[in-house]
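Results of the structural survey
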Amino acid sequence: MNNKKGLVKYLILSLLIFIVFIVGINVYSNILKNKLTDQVRVTLSEVAYQNKMVVESQISEQRNLVQELALVLNSEETLINDHVLEIIKKIYEAGDYKNIGIVTSEKTVYISSNGEFTIEEKDYFENLEDKESLIILDNDTINNQYSIFISEPVTSINGGKGCLFFSYDLKLLVSKLSIPSFNGEGYTYIVDRNGNKILNSNNKNSFSNFTNIFDAMLKVDENNLETVNTLKAKIKNNEEGIVTFSNETNKDMYYLPLNINDWYILTVVPSTTINSTYNSIMLMTLIFTICIVVLLSILLLIIITTNYIKNKKLYNLIYVDPVTKGYSFTKFSDEITLRGNNYRKKALIALDINNFKLVNTLFGYEESNKILKEITNIIDNECSIHGFSTRKMADHYLIYYEYGNDEKLLHFIEKIYNSICNLRILNSDYVLVPSMGIYTFTKLNESIDNLENKAIIAWKNIKNDNYTYYGLFDDKILNTMVDNKKILDKLIKAIENDKLEIHYQPKYDTMLRKIVGAEALLRFRDSNGHMISPGVFIPIAEESGFITVIDNYVFEKVCMDIKKLKEKNIETVPISINLSRKKLEEGIFVKDYLKIIKENNISVSDIEIEITEGTILADNKSIKHSVKELKKSGFNILVDDFGTGYSSISTLKDLDIDEIKVDRSFITDDSEKSKEIVKYVFNLATALKVKTTAEGVETKEQYNMLKKLNCNTIQGYYFSRVITLIELEMLLEKNK
């Protein structure tokens, strides 16, 4: 869920970035277009001024030349002479002039191209006579072409008056103004204030053969009327500026007055020039931006993917069990918190697979993990929408289940039990057996840990019961655990303060009726002096593991008691000490026990080791190793509670033991069946050359029966109750 929320967040962020990008491109586009428009108009004005300078420079240069030649003529005796004509000829040949000539007051015209003629023959020149310095555009009747005329009045020394003029082709000025601008899209006109053409452009996009610029603009598009009126008014007021008109496409015109007559220079550029530049820049910008966006998108995708993978790994680490792929305990706890406050009945179930370590040993961890995953699937399928589960550790599961009534809960438990029992490991006959502890509740008024602890308490209460696979928690169980904890605390404190007592149960030779050994028994009085039965505190110590401390305590105390007896020169008998299963599983204590014996200056033969039948027959390498080490060190091994387990001739013959102790339940039972069993056991022991001891002998009849069966030694109230060390000392003295 968190991964999906994170992905949505990143998608929203990406969308916002995209929107910002689109808005940014739009703003940038408008700014760019405005900037380009301003730039083009500035450039247009610069080109217009440049064209103005070209025109004015060209005309000025020619005017200056005319004026310089006029000064020469003013210094001549006559206006027409060979010297003057020679000068005119040289200037004509050196320049790009159509004609250079002089108009005299006698109506005679001398020109460089056609010699001499009179005004009557060429009436055009009448316009030049007796006029001051002048620049006009008119039809050159000599060449039948429009030309630019520049004239200057002259007077010779003799008083002869006339007019010097230069004429040159318009093409010369057009060529000067045809320098490409705006990628060949720009061009220039020269008109007078009334819009009459002075100079046309040879650009293909310009008006062709127009007479008046205003008429030409209206002719191509009537919508230019407003622009034409504006242009007329601006020119009339001798202003400069830019107007936009239509001629197939929109065009921008910069109008600028010339310092020649009443002429205006008009520089035109298509508005598409702006669009072309704009489109080019925008295309490059768009390509660059797309590249950036793609790179950013890839980067964002990498970041999103990386974060998604990282979050998924983190999610799996926190909320997913790596083995079963089910809920982790954290996820399990969160789900209970979310669902635990409805009004349905609820159960927290602790489930454990009995002896699952053996599965690991027999089939390997890989196969074991597969089984754990299958168990998760079974539980979750049975839970359906009513619950969920987690594997907290190893083969320990917790199940949360909501149910309507107790019958449905028990049916759910039974289905899980049967489904797990029916699982098969690699087609073997190995049967998985689950056991469950159940704690029921309605409202979530306590922590998840407390729920789990109560379910585990219920499970522990039945885990050693082979006939029950589930247990329900109740306050009695809890009270029992509390009481057991109090007893354990007292037991620990008693050992710390050396307050436990060692008593002894004497063993008598059946035939001689004299003491030949004793069994050390632990007695425990609380601080109030009340005796606590071994049947109560020993199981508590075994379950907690504290039994190994008790084993060590008893062994050391017995060795010290034997030492005390020997120091009094009392002839001692072997004392047997019970060792627990957990102590034997340690496998590293024998050397410590031998050290204790040595420190007390006694012999290994003074101590015998009692081990219950169930423990010594267990298929446990550590126990077998410990028994072997004890035997190797010289200890006699006695099998306690014999007959309560599953011994057979084949198992007994393989055991390196010295004595078997027949359980008191067979001795006290007067039935013929029990007597036959006892008889069989003693015959078996005789055949195996193993000594025998009968426990719990209380009557003469029992004694006589055992005597007939050749039982070696007897323990029980028939000869002696459990006694203290002092009483044992007295008994041994009397035994002499």
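Residues numbered from 1 in each chain as written. Predicted model: local features only at pLDDT ≥ 70, side-chain atom pairs only at ≥ 80, totals over all residues. Heavy atoms only, no water.

Focus: the overall build of the protein
Heads up, the rule is: Counting from the N terminus, the helices are the DSSP runs of H or I reaching at least four residues and the strands are the DSSP runs of E reaching at least two. Relative accessibility decides the category of a residue: with a 1.4 Å probe and only protein chains considered, values under 20% of the type maximum give buried, values over 50% give exposed, and everything between is partly exposed. We call two residues contacting when some pair of their heavy atoms lies within 4.5 Å. Note on areas: these come from Shrake-Rupley sampling with a 1.4 Å probe, and a residue is covered only by the protein chains present in the view.
Each helix and strand counted, the protein has 23 helices and 25 strands in total. When the 736 residues of the protein are sorted by exposure, 46% land in the buried category. The contacts of the protein with a sequence gap of at least 6 include a subset with a gap of at least 24, amounting to 60%. Carbon together with sulfur atoms contributes 52% to the accessible area of the protein, which is approximately 39,700 Å² in total.

A few points about a nonpolar patch on the surface
The cut-off we apply is this: Two joining distances apply to patches: 9 Å for like charges and 5 Å for nonpolar side chains (Val, Leu, Ile, Met, Phe, Trp, Tyr), and every residue must have over 30% relative accessible area and no salt bridge. Note on definitions: salt bridges are taken to be side-chain nitrogens of Lys or Arg within 4 Å of carboxyl oxygens of Asp or Glu.
Taken together, the side chains of Leu286, Phe288, Ile290, Ile292, Val294, Leu295, Leu296, Ile298, Leu299, Ile302 and Ile303 make up a nonpolar region of the molecular surface, amounting to roughly 980 Å² of accessible area. By relative accessible area, which is 49% here, Leu296 ends up partly exposed.

What to know about unusual backbone geometry
Despite not being glycine, Asn238 has its phi angle at roughly 60°, a positive value. Tracing the backbone through its elements, the reader meets Asn238 in the loop between helix H5 (225–236) and strand E9 (241–247). Although it is not a glycine, Arg513 adopts a positive phi angle of roughly 55°. Relative to the helices and strands, Arg513 resides in the loop between strand E17 (501–509) and strand E18 (515–525). For Arg513, a relative accessible area of 43% corresponds to the partly exposed category.

What to know about the pattern of salt bridges
Scanning all chains against the criterion turns up 24 salt bridges. In this structure, the salt-bridge partner of Glu402 is Arg344, at a minimum N-O distance of 3.6 Å. With Glu402 in strand E14 (residues 396–403) and Arg344 in the loop between helix H7 (329–339) and strand E12 (345–353), this pair connects stretches of sequence that are 58 residues apart. The buried category is assigned to Glu402, whose relative accessible area is 5%. The partly exposed category is assigned to Arg344, whose relative accessible area is 36%.

Some details on the sheet that holds E14
The following threshold applies: The criterion for strand pairing is that DSSP finds at least two bridges linking the strands in question. An axis is simply a line fitted to the C-alpha atoms; with a helix, the fit covers only the stretch in contact. Between two such axes, the angle follows the N-to-C directions and lies from 0 to 180 degrees.
Strand order across the open sheet formed by five strands is E13-E14-E12-E15-E16, with mixed pairing between neighbours. Of all the strands in the sheet, the pair left with one neighbour each is strand E13 (387–393) and strand E16 (470–472). Here the strands of the sheet are splayed against their neighbours by 20° on average, with no regard to which way each runs. Taken together, the eight bridges between E12 and E14 define a ladder with antiparallel strand orientation. Paired with Lys345 across the two strands is Tyr403, which belongs to E14.

Side note on the sheet that holds strand E7 (residues 187–192)
Spatially, the five strands line up as an open sheet ordered E8-E7-E11-E10-E9, and their pairing is antiparallel. Every interior strand has two partners, whereas the edge strands, strand E8 (197–199) and E9, have only one. Geometrically, the sheet is characterised by an average inter-axis angle of 35° between neighbouring strands, direction not taken into account. In this sheet, E8 lies alongside E7 in antiparallel orientation, the contact comprising two bridges. Residue Ile190 lies in a different strand from E8, and its bridge partner there is Leu199. Strands in contact with helix H4 (residues 213–220) are E7, E9, strand E10 (249–257) and strand E11 (263–270); relative to E9, the strand with the most contacts, it is inclined by about 45°. Strand contacts of H5: E9, E10 and E11, with the helix running at about 150° to E9, the strand carrying the most contacts.

Description of the nonpolar core
Using the following cut-off: Definition of nonpolar core: a set of buried residues of the types Ala, Val, Leu, Ile, Met, Phe, Trp, Tyr and Cys, connected through side-chain atoms within 4.5 Å.
In this structure, Tyr504, Phe555, Val558 and Ile607 are the most contacted members of the largest nonpolar core, which totals 76 residues. In terms of residue count, helix H14 (residues 547–567) provides more of this core than any other element does, nine residues in total. Those residues in contact with Val558 that sit more than four places away from it in its chain are Ile502, Tyr504, Ala520, Ile575, Ile577 and Ile607. Formed by 31 residues, the second largest nonpolar core is a distinct cluster that contains Val66, Leu79, Ile190 and Leu256.

Some points on the packing of aromatic side chains
Note the following rule: Pairing of aromatic rings covers Phe, Tyr and Trp, the last through its six-membered ring, and needs centres within 6.5 Å; plane angles under 30 degrees mean stacked, over 60 mean edge-to-face, and all others mean tilted.
A complete count under the given rule lists 24 aromatic pairs for this structure. Considering the side-chain rings of Phe329 and Phe332, the 6.4 Å spacing of their centres and the 25° angle between planes classify their relative orientation as stacked. Residue Phe329 and its partner Phe332 are both found in helix H7; the two are separated by three residues, about one turn of the helix. On the accessibility criterion, Phe332 (0% relative accessible area) is buried. With 5.9 Å between their ring centres and 85° between their planes, Phe363 and Tyr430 make a pair best called edge-to-face.

Structural notes on the confidence of the model for the protein
Applicable threshold: The predictor attaches a confidence to each residue, and that confidence, scored 0 to 100, is pLDDT.
Mean pLDDT for the protein: 84, with 89% of residues reaching 70 or above. Note on residues 140–144: pLDDT is under 50 here. Beyond four places in sequence and across chains, it has 16 contacts.

Things to note about the side chain of Lys661
Threshold: Whenever a nitrogen or oxygen atom comes within 3.5 Å of another N or O atom, the pair is scored as a polar contact, on the condition that within protein one atom can donate a hydrogen and the other can accept it, and that pairs from neighbouring residues in sequence are kept only if both atoms are in side chains.
Here Lys661 lies in strand E23 (residues 659–662). Engagement of the side chain of Lys661 in a polar contact is seen with the side chain of Glu610, the distance being 2.6 Å.

So, the pairing of strand E24 (residues 691–694)
Convention followed: Seen with its strands pointing away from the viewer, a crossover is right-handed if its path from the first strand over the helix to the second goes clockwise.
Where E23 meets E24, four bridges bridge the pair, whose relative direction is parallel. By the bridge assignment, Ile660 is partnered in E24 with Thr692. In terms of strand pairing, E24 meets strand E25 (residues 713–714) through two bridges, oriented parallel. Pairing of Ala694 across the sheet is with Ile714, part of E25. Regarding the hand of the β-α-β motif, the stretch spanning E24, helix H22 (residues 700–708) and E25 is right-handed.

A word on the environment of Tyr49
Inspection of the secondary structure puts Tyr49 in helix H1 (residues 2–74). Exposure remark for Tyr49: the relative accessible area of 34% places this residue in the partly exposed category. As a C-alpha pair, Tyr49 and Leu258 span 209 residues in sequence and 9.5 Å in three-dimensional space.

Focus on the environment of Arg525
As for its placement among the helices and strands, Arg525 is situated in strand E18. Assessed through its relative accessible area of 35%, Arg525 is described here as partly exposed. Placed 31 residues apart in sequence, Arg525 and Ala494 show a C-alpha to C-alpha distance of 8.6 Å. In this structure, Arg525 is in contact with Glu501, His530 and Met531, ignoring residues within four places of it in sequence. Within the structure, the side chain of Arg525 is placed 2.9 Å from the side chain of Glu501, a separation counted as a polar contact.

Quick notes on H5
Think of an α-helix as turning once every 3.6 residues; residues three or four places apart then point the same way. Heads up, the condition is: Multiplying 1.5 Å by the residue count of a helix minus one yields the expected span of that helix.
With twelve residues, H5 extends 16 Å between its outermost C-alpha atoms, agreeing within 8% with the 16 Å of an ideal straight helix rising 1.5 Å per residue. Among the structural elements, H4, E9, E10 and E11 are those in contact with the buried residues of H5. At the C-terminal side of H5, Asn238 shows a positive phi close to 60°.

Brief notes about the packing of helix H9 (residues 365–383) against helix H10 (residues 406–421)
As a reminder, the rule being used: We call two directions roughly parallel when the angle between them is under 35 degrees, roughly antiparallel when it is over 145, roughly perpendicular when it lies between 65 and 115, and oblique otherwise. Left-handed is the label given to a crossing in which the near helix is rotated counterclockwise from the far helix by less than a right angle, and right-handed is the label when the rotation is clockwise. Residue polarity follows a fixed list, in which Ala, Val, Leu, Ile, Met, Phe, Trp, Tyr, Cys and Pro are nonpolar, Asp, Glu, Lys and Arg are charged, and the others, Gly among them, are polar.
At a minimum axis separation of 10 Å, H9 and H10 run at an interaxial angle of 155°. On the basis of their axis angle, the class for H9 and H10 is roughly antiparallel. Our pair here, H9 against H10, has a crossing hand that is right-handed. Residues Ile375, Ile378, Ile379, Glu382 and Cys383 of H9 form the contact with H10, whose participating residues are Phe412, Lys415, Ile416, Ser419 and Ile420. Across the contact of H9 with H10, the residue classes break down as seven nonpolar, one polar and two charged.

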